[in-house]
Amino acid sequence: MTVPQLETITKRFPRLSSIIAYGSAVFPQSTTPSSDSLTDLMFVVRDARQWHLDNISMNPSDYSQLARRVLGANGVAMVQEWPGGMWFNAGCVVGGVLCKYGVVSAGRAVDDLVNWRDFTFAGRLQKPILCVSTDSSDDIMELNVRVNRPSALLHSLSPYIHNKQQSVTWNS
C-alpha cells in the first residue's frame, strides 16, 4: 500500500483527520502473500458521532444491521467510547481492497498515545505504520505517533531497570 492509495481510500469516507494503515497487507511479509491479507486501517476523526452519521449514510453496508438500524450514529459513537475507544467495521471492500477499519476520535487517540489509557490505538502503532494526515491542523497527531514508539521502548525496559537497581548490593 502506498500513500497515494491511502489518499484514494479517504475519498470514500467522510472527512478524516488522519488515516493509518498497518499489517501484512501494507508491509508484506515473506510468509504471508499480501494479496490474501486483510488491509488494516485506523481513521482518526474530530467528531465521532457526526462522522458515523455521515458514514452510515455514505457507506451503510460497512455497518451491521444492529449498528445501522438499532444503535444509529449516536449509539455507535457511544459504544466507541467504551473501553478501547474504537469502533471497528470489518470485511469492507474499499477500492477493490478487503479491509477492516477502526474509528477513533482525535481526543481519545491523543489520550491513548500519551497516557496509554487502553492501548487499543497506541498498541497498534507499535507495528510499522503508514500514516497520512488529511487535516492540515493535525500536526499534533503525527507528533504523538512519532513519540509513541520510543515511549513504549522505555516503558518496556523499566521493569528490567527497576529489578537491576534492586539487585545491586553495596559492600561497605
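Given the structure is predicted, the values throughout are model-derived calculations rather than measurements.

Draft legend 1. Structural context of the pairing of strand β2 (residues 39–45). Burial within β2 is extensive, with seven of its seven residues counted as buried. With burial as the criterion, each face of β2 is covered, one bearing Thr39, Leu41, Phe43 and Val45 and the other bearing Asp40, Met42 and Val44. As judged from the five bridges shared by strand β1 (residues 18–22) and β2, these two strands associate in the antiparallel manner. The residue bridging isoleucine 20 from the neighbouring strand is methionine 42, located in β2.

Draft legend 2. Broad picture of the pairing of strand β3 (residues 87–94). Judged from the six bridges that link them, β3 and strand β4 (residues 97–105) form a sheet pairing that is antiparallel. Looking across to β4, one finds that asparagine 89 is bridged to tyrosine 101. Linking two consecutive strands that pair antiparallel, namely β3 and β4, is a turn of two residues; a positive phi of about 60° is found at glycine 95 within it.

Draft legend 3. Main features of the packing of aromatic side chains. A complete count under the given rule lists six aromatic pairs for this structure. Ring centres of phenylalanine 13 and tyrosine 101 lie 5.0 Å apart, and the angle between their planes is 70°; this geometry places the pair in the edge-to-face category. Here phenylalanine 13, found in the loop between α1 (3–10) and β1, pairs with tyrosine 101, found in strand β4; they are 88 residues apart in sequence, far enough to count as distant. Residue tyrosine 101 is classed as buried on the basis of its relative accessible area of 0%. What links up through ring pairs into an aromatic cluster is the set Phe13, Phe43, Trp51 and Tyr101.

Draft legend 4. Spatial organisation of the sheet that holds β1. The five strands are arranged β3-β4-β2-β1-β5 in an open sheet whose pairing can be described as mixed. Each edge of the sheet is formed by a strand with only one pairing partner; in this case those strands are β3 and β5 (129–133). Going across the sheet, the axis of each strand differs from the next one's by a mean of 25°, ignoring polarity. The pairing of β1 with β5 spans five bridges and is antiparallel. In the strand pairing of β5, isoleucine 20 is matched with cysteine 131. Its contacts with the sheet put helix α3 (residues 65–80) on β3 and β4, and the angle it makes with β3 is roughly 125°.

Draft legend 5. Expanded view of the pattern of salt bridges. Tallied over the entire structure, the rule returns four salt bridges. Where arginine 12 meets aspartate 62, a salt bridge forms, and the shortest distance between an N and an O atom there is 2.9 Å. With arginine 12 in the loop between α1 and β1 and aspartate 62 in the loop between α2 (48–58) and α3, the pair connects residues that are 50 residues apart, well separated along the chain. Classification of arginine 12 by relative accessible area gives partly exposed; the value is 22%. Residue class for aspartate 62 comes out buried when judged on its relative accessible area of 6%.

What counts, and where the lines are drawn
Residues numbered from 1 in each chain as written. Predicted model: local features only at pLDDT ≥ 70, side-chain atom pairs only at ≥ 80, totals over all residues. Heavy atoms only, no water. Buried < 20%, exposed > 50% of the residue type's maximum accessible area, 1.4 Å probe, protein only. Helix = DSSP H or I, 4+ residues; strand = E, 2+ residues; numbered from the N terminus. Pairing = 2+ DSSP bridges. Phe/Tyr/Trp six-rings, centres within 6.5 Å; stacked < 30°, edge-to-face > 60°. Axes fitted to C-alpha atoms, helices over the stretch in contact; angles between N-to-C directions. Contact = heavy atoms within 4.5 Å. Salt bridge = Lys/Arg side-chain N within 4 Å of Asp/Glu carboxyl O.

Purely spatial values, then, with no claim about function.
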